[in-house]
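# Tertiary structure, described
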Amino acid sequence: MMAPRIRVYHDPDAVAAAAAEEIATRIDDGVAQRGWVTLVLSGGSTPVLLFEQLANPPYRYRIPWTDVHVFWGDERAVPPEHEDSNFGTADRILLSRIPIPSANVHRMLGEGNPDVAATEYEEEIRAVLGLEPGALPVFDLVLLGVGSDGHTASLFPESVAWEERKRLVTAVWVESLKAHRITLTPPVFREARTVLFMATGASKAPVVARVLESSEGDVDLPAARIEPRTGDLLWFLDQQAAQRLTRYQHRS
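Small disclaimer: the values here were computed from a predicted structure and weren't measured.

### Quick word on helix H4 (residues 86–93)
Among the eight residues in H4, six count as buried, and that is most of the element. Three or more residues of H4 are buried, namely Asn86, Phe87, Gly88, Thr89, Ala90 and Ile93. Turning to H4, the residues buried within the fold contact strand E2 (37–41), helix H2 (48–55), strand E3 (68–72) and strand E4 (74–76). At the N-terminal boundary of H4, the capping side chain belongs to Ser85, with an oxygen 3.3 Å from the backbone nitrogen of Phe87.

Here it is, written out as structure tokens:
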């Protein structure tokens with residue numbers, strides 16, 4: 001497994017700008033090599049600035065959106081029009097503003113029964129990617145964030161979901177939030193060609209330091225377990241989120 005490449009930028013706007021350029025470049029390369037690419041979006045507030053960057057020039061026109069298939073890393077158990085819907089946020093800020101075919105957008109059905117929705121999403125992933133039974137998908141680019149408790153996607157420390165080894169998608173009950181979620185599982189993230197974490201703000205500094213610089217025996221956080229088997233692992237941070245790190249490879 002490759003060591004994470006850590007890039008630190010001045011503020012959240014600079015993180016979003018750098019992430020947008022990274023995504024555009026990797027999409028261009030993926031389309032040139034394979035004809036189309038898969039992009040897995042994250043939820044929460046951190047990617048909002050990134051979505052705004054991608055929805056506006058130059059990326060609205062530079063990225064070949066007709067060759068991009070969009071998926072989600074997780075979803076809340078709410079309908080798409082709900083303010084907490086990960087799909088709803090991405091659709092409002094990004095997808096409705098770019099020339100991407102509706103057939104290329106593959107959302108988790110948060111308004112349905114979570115267990116049924118998880119099964120259906122796994123079936124959709126297998127169908128779109130043409131997977132044989134038992135095969136794992138290889139997503140081209142996966143965006144992730146990290147919570148102050150170390151969760152990523154909807155893999156929480158108190159949940160057994162982060163120990164899942166066979167299913168691609170699972171429904172989870174998050175006791176700390178008293179809420180159902182649907183999430184991709186660790187084996188899926190580990191097969192990705194690129195995983196790009198984004199974290200901004202001083203509140204993320206303790207968990208970022210723990211995930212990236214803890215000893216080998218202190219990896220009890222889901223975000224610390226996301227290590228692509230053969231792909232790239234990138235962390236894009238602002239200065240506040242990186243303030244407790246003692247080393248990193250890039251600063252801007």
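Here the narrative resumes.
### Comments concerning the nonpolar core
Where a protein is soluble and globular, its nonpolar side chains tend to be buried together. Within the largest apolar cluster, 83 residues are counted, with the highest numbers of intra-cluster contacts made by Leu184, Trp235 and Leu237. With nine residues, helix H1 (residues 12–34) is the single largest residue contributor to this core. Ignoring sequence-local partners within four residues, the contact set of Leu237 consists of Ile6, Arg7, Val8, Tyr9, Val15, Ala199, Val208, Leu212, Ala242 and Leu245.

### Description of the layout of surface pockets
The computed volume of the largest pocket comes to approximately 390 Å³. Looking at the largest pocket, it is lined by 20 residues, and the ones nearest its centre are Gly43, Gly44, Ser45, Gly145 and His151. Residue classes in the lining of the largest pocket are distributed as six nonpolar, ten polar and four charged.

### Things to note about the sheet that holds strand E7 (residues 179–184)
Taken together, the three strands give an open sheet; going across it, the order is E4-E7-E6, and neighbouring strands pair in antiparallel fashion. Two strands lie at the open edges of the sheet, namely E4 and strand E6 (169–174), each paired on one side alone. In this sheet, adjacent strand axes meet at a mean angle of 25° when their direction is disregarded. Running over the sheet, helix H5 (residues 114–129) touches E6 and E7 and is turned about 155° from E6.

### Observations regarding the pairing of strand E1 (residues 5–9)
Among the five residues of E1, four are classified as buried, and the element is accordingly described as predominantly covered. Taken together, the five bridges between E1 and strand E9 (residues 232–238) define a ladder with parallel strand orientation. Along E9, the bridge assignment pairs Ile6 with Trp235.

### What about the pairing of E9?
Across the seven residues that make up E9, a large majority, six, are buried. Bridging between strand E8 (residues 194–199) and E9 involves six bridges; their strand directions are parallel. Paired with Phe197 across the strands is Trp235, a residue of E9.

Conventions used here
- The written sequence of each chain sets the order in which its residues are numbered from 1.
- Confidence filtering applies because this is a predicted model: local features only for residues at pLDDT of at least 70, side-chain atom pairs given and counted only at 80 or more, and all residues used for totals across whole chains, interfaces and linings.
- Side-chain numbers here rest on the full set of heavy atoms in the structure, without hydrogens or water.
- Each residue is assigned to one of three classes by its accessible area relative to the maximum for its type, calculated with a 1.4 Å probe on protein chains only: buried under 20%, partly exposed between the two thresholds, exposed over 50%.
- Secondary structure elements are defined from DSSP: runs of H or I of at least 4 residues count as helices, runs of E of at least 2 residues count as strands, and each element is numbered from the N terminus.
- The contact definition used throughout considers only heavy atoms, calling two residues in contact when any of these lie within 4.5 Å.
- Two N or O atoms count as a polar contact when they lie within 3.5 Å, although within protein this holds only if one can serve as hydrogen donor and the other as acceptor, and sequence-adjacent residues are included solely when both atoms are side-chain atoms.
- Here, nonpolar core refers to any group of buried Ala, Val, Leu, Ile, Met, Phe, Trp, Tyr and Cys residues whose side-chain atoms link them within 4.5 Å.
- Here a cavity is any set of points on a 1 Å grid over the protein atoms alone where a 1.4 Å probe fits but cannot get out, and a pocket is any open set with protein on both sides within 12 Å along at least 5 of 7 lines; a residue lines the site when it has an atom within 4 Å of a point.
- Grid points are joined across faces, edges and corners, and a volume is the space filled by probe spheres set on the points.
- Note that Gly is not counted as nonpolar here; it falls among the polar residues with everything else outside the nonpolar set of Ala, Val, Leu, Ile, Met, Phe, Trp, Tyr, Cys and Pro and the charged set of Asp, Glu, Lys and Arg.
- Strands were regarded as paired on the criterion that DSSP finds at least two bridges between them.
- Every angle, taken between N-to-C directions, lies between 0 and 180 degrees, and every axis is a line fitted to C-alpha atoms, over only the stretch in contact when it is a helix.

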